[in-house]
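# Architecture and fold: a report
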Amino acid sequence: MTKAITPGPVGPAQPVTRNGRLTPADWAVVGGLAALATALRFYNLGSPLWFDEIVTVVDSVRNPLSTIVTHFPGNNDHPLYSVLARVSVVAFGESPWSLRLPAVLFGVLSVPLLYLLGVAVTDRREALAASLLLTVSYHHVWFSQNARAYTILLCCALLGTHALIRWLDTGRRSFLGLYAVVTAVGAYAHLTMVLASIGQALALAVDWTVHRRSSRLHAEWKAAAAGFAGAAVLTVLAYAPMLADVSAFFTTQTATATEVATPGWALLATLRGLEIGFGLRWGILVGLVIAAAGTLSYLRERSVVAWLFLFPLPATIALALLFNRPVFPRFAFFVAGFGLLIVMRGAAVLAEWIARQARLPLSPDRARTLAVAAVTVLGVVVSLRSLPYGYRHPKQDYEAAVRAVDELATPGDRIVVVGDPASIPINRYLHRPWPRIDTADDLREIQQDAGRVWVVYTFPSYIRNGQPELWSILTNECQEAAEIDGNVAGGAITVTRCP
């Protein structure tokens, strides 16, 4: 069902007909963007693994497939990604690049999927601009080089939303079938997709409640319910071999990370990450203003699209808090494509409004084109300026930390590591038999039986919040000897010397 669009201060300048299909010219554009995305994401793909990637390797990927699909070691496990990474490792050998290969491939795939969604909800000008910015985005390259399921989640969010919109446009139940399959795939990759799907169901419910199209409402409710139920059934079937493990984990495990990974902490960490990608804090504020204008435009043009873009993220955060789960900035990555489409719309409608208010000698369409082009060029320049930072610094470099300790320590010294973030990579991945400590008492006991003690730790916020006495010793009585930088927030690895 295609709607004509009413001109106004926020809204397209003329009616647009969209069928969501790609023309030969579109395919050429998509191919070019995919080629550029591939080059940017394969460059420096073999940099050292960071903590979450290492946990994925030692807890999942090194196991046979029969174990991967039947055992759920914890919420760090992304089952579909572990399966794909296992296949890659068997084919190419274990290395950072082979472990990250599935993330790269889905990262590249998300670029044409964003364009596909874009041409279904807006004009090709905005769809192209959004896809180009996703192609060169620092954050998207970062996640594409991360051996985790976040790019799979992004692809499923884009394709699933496209399927829902195409179903609303055409009434074809096959699109609901596609939605069910894609959502189940996303959920098998990362359980966040379940929460996002609930947000999409709420988006449809809100839109239908507000607009009350009585002639079709009952049939649409029934069809949508079948689609969401199908997604739920397929998700349960995918997890069936490990369902007992999943249930046990989420009903018995304490989410200790919530002491640190609160919504406030996640917001600040997100802003710091955006500052790395966009360079200037004022750029984030300007982007929020533009996004507000774009959101209003989508609401005026076709509110269901706006709700489908907006509801999944707050639903994900709210439900995570309800179930006492931690909230991390990476939970927002799957809405990156929606955000770019909204920003491009905002730039277009603001330019049209300014041109009209200032009585500039520009047609509405010309004003929109110039604004989208300007925002795109600026975004590309800023992103390309940020990319070298990600290439220059690994996410974390545990190998460098071990080398630093080897150079500093002398015979008779004791070397210890603090908690999971240091012990799992150093003990289980790099096979160094350095004892693990978790409390101040553990460190005091080691100090009694040794001369100098070298302590290796990372993610200090977890020590500071979870073991304040240990943190006090490390900061007040010990002397920092080396710090190995990384581009994961808080992920610098510190080597300190204690008396």
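Residues numbered from 1 in each chain as written. Predicted model: local features only at pLDDT ≥ 70, side-chain atom pairs only at ≥ 80, totals over all residues. Heavy atoms only, no water.

### Observations regarding the pattern of salt bridges
Evaluation of the coordinates by the stated rule reveals 18 salt bridges. Measuring nitrogen to oxygen at the nearest pair gives 3.5 Å for the salt bridge that ties E352 to R356. Here R356 and E352 lie together in helix α17 (residues 336-357), a separation of four residues that amounts to about one turn. Of the residues examined, E352 reaches a relative accessible area of 5% and is grouped as buried. For R356, a relative accessible area of 37% corresponds to the partly exposed category. We note a salt bridge from R452 to D413, for which the minimum N-O separation is 3.0 Å. Of this pair, R452 sits in the loop between α21 (440-448) and β3 (453-457) while D413 sits in the loop between α19 (398-408) and β1 (414-418), placing them 39 residues apart in sequence. (Salt bridge = Lys/Arg side-chain N within 4 Å of Asp/Glu carboxyl O. Helix = DSSP H or I, 4+ residues; strand = E, 2+ residues; numbered from the N terminus. Buried < 20%, exposed > 50% of the residue type's maximum accessible area, 1.4 Å probe, protein only.)

### A closer look at a nonpolar patch on the surface
Together, V181, V185, V233, L234 and L237 line one region of the surface with nonpolar side chains, adding up to about 410 Å² of accessible area. Taken together, the elements giving at least two residues each to the nonpolar patch come down to α9 (173-189) and α11 (214-239). Broken down by element, the nonpolar patch gets its largest block of residues, three residues, from α11. With respect to the helices and strands, the residue V181 is situated in helix α9. (Patch = residues over 30% accessible without salt bridge, like charges linked within 9 Å, V, L, I, M, F, W, Y side chains within 5 Å. Areas by Shrake-Rupley, 256 points an atom, 1.4 Å probe, with all protein chains shown as cover.)

### As for the sheet that holds strand β5 (residues 493-498)
The strand order β2-β1-β3-β5-β4 describes an open sheet built from five strands, whose pairing is mixed. The open sheet terminates on both sides in strands that have one partner only, identified here as β2 (436-437) and β4 (479-484). Pairing between β4 and β5: five bridges, direction antiparallel. The residue bridging Q479 from the neighbouring strand is R497, located in β5. Helix-sheet contacts for α19 involve β1, β3, β4 and β5, and the interaxial angle to β4 is about 140°. Along the sheet face, helix α23 (residues 468-476) touches β1, β2, β3 and β5 and points at about 120° away from the line of β3. (Pairing = 2+ DSSP bridges. Contact = heavy atoms within 4.5 Å. Axes fitted to C-alpha atoms, helices over the stretch in contact; angles between N-to-C directions.)

### Description of the packing of helix α5 (residues 96-121) against helix α6 (residues 124-136)
Following both chains from N to C, one finds α5 and α6 inclined at 160°, their axes separated by 8 Å at the closest point. By the criterion of interaxial angle, the relationship of α5 to α6 is roughly antiparallel. In the crossing of α5 with α6, the sense of the turn from one axis to the other is right-handed. Residues S110, V111, L114, Y115, G118 and V119 of α5 form the contact with α6, whose participating residues are R124, A127, L128, A130, S131, L134 and T135. Along the lines of polarity and charge, the residues of the contact of α5 with α6 split into eight nonpolar, four polar and one charged. (Parallel < 35°, antiparallel > 145°, perpendicular 65-115°, else oblique. Left-handed = near helix turned anticlockwise from the far one by under 90°. Nonpolar A, V, L, I, M, F, W, Y, C, P; charged D, E, K, R; others polar.)

### Structural notes on the state of the cysteines
Cysteine pairs can be linked by a disulfide, which is a covalent bond between their two sulfur atoms. Under the defined criterion, the tally for this structure stands at one disulfide. Disulfide pairing is shown between C478 and C498; the S-S distance is 2.0 Å. Between C478 and C498 the sulfur-sulfur dihedral comes to about 105°; the bridge is accordingly right-handed. Taken together, the residues C478 in the loop between α23 and β4 and C498 in strand β5 connect sequence positions 20 residues apart. Overall, C478 belongs to the buried group, its relative accessible area being 10%. Looking at the unpaired C156, the closest cysteine sulfur is the one in C155, lying at 6.8 Å. (Disulfide = S-S within 2.5 Å.)

### Focus: the side chain of H78
Mapped onto the fold, H78 is located in the loop between α3 (65-68) and α4 (79-92). Polar side-chain contacts of H78 include one of 3.2 Å to the side chain of R148. Here H78 is in contact with R148, A149, Y150, Y188, A189 and H190, once residues within four sequence places are set aside. (Polar contact = N/O pair within 3.5 Å; in protein donor to acceptor, adjacent residues only side chain to side chain.)

### Observations regarding helix α15 (residues 303-310)
Among the eight residues in α15, six count as buried, and that is most of the element. Among the residues of α15, S303, V304, V305, A306, L308 and F309 are the ones counted as buried.

### Details of the environment of V58
For V58, the location among the structural elements is in helix α2 (residues 51-61). The class for V58 is buried, based on a relative accessible area of 12%. Once the C-alpha coordinates of V58 and I424 are considered, the two residues, 366 residues apart in sequence, prove to be 8.4 Å apart. Ignoring sequence-local partners within four residues, the contact set of V58 consists of I424, R428 and Y429.

### Comments concerning the nonpolar core
Ranked by internal contacts, the top residues of the largest apolar core, which has 114 residues, are V121 and F309. Top element by residues in this core is helix α8 (residues 150-170). It accounts for 13 residues. Apart from residues no more than four positions distant in its own chain, F309 is found in contact with L117, V121, T161, Y298, F338, L341 and I342. The next biggest cluster of nonpolar side chains, apart from the first, holds 16 residues, and it includes V416, I446, W471 and C498. (Core = buried A, V, L, I, M, F, W, Y, C linked by side-chain atoms within 4.5 Å.)

### Topic: the environment of Q467
Among the secondary structure elements, Q467 is positioned in the loop between α22 (460-466) and α23. Since its relative accessible area comes to 30%, Q467 is described here as partly exposed. Placed 27 residues apart in sequence, Q467 and A440 show a C-alpha to C-alpha distance of 7.6 Å. With residues up to four places along the chain from it excluded, the contact list for Q467 reads D438, T439 and Y462.

### Details of the packing of α8 against helix α10 (residues 192-211)
Where α8 meets α10, the closest approach of the two axes is 11 Å, and the angle between their N-to-C directions is 25°. Taken together, the axes of α8 and α10 lie roughly parallel to each other. Handedness of the crossing formed by α8 with α10: right-handed. Counted together, L153, C156, A157, T161, L164, W167 and L168 of α8 and T192, M193, Q200, L204 and W208 of α10 form the full contact between these two elements. Per-class residue counts for the contact of α8 with α10 are nine nonpolar, three polar and no charged.

### Some points on the confidence of the model for the chain
Across the chain, the average pLDDT comes to 88, with 88% of residues at 70 or higher. When the criterion is pLDDT under 50, residues 1-17 qualifies, and its contacts beyond four places in sequence or with other chains add up to 45 contacts. Within the model, the stretch residues 255-261 combines pLDDT values under 50 with 18 contacts to residues more than four positions away or in other chains. (pLDDT = per-residue confidence, 0-100.)

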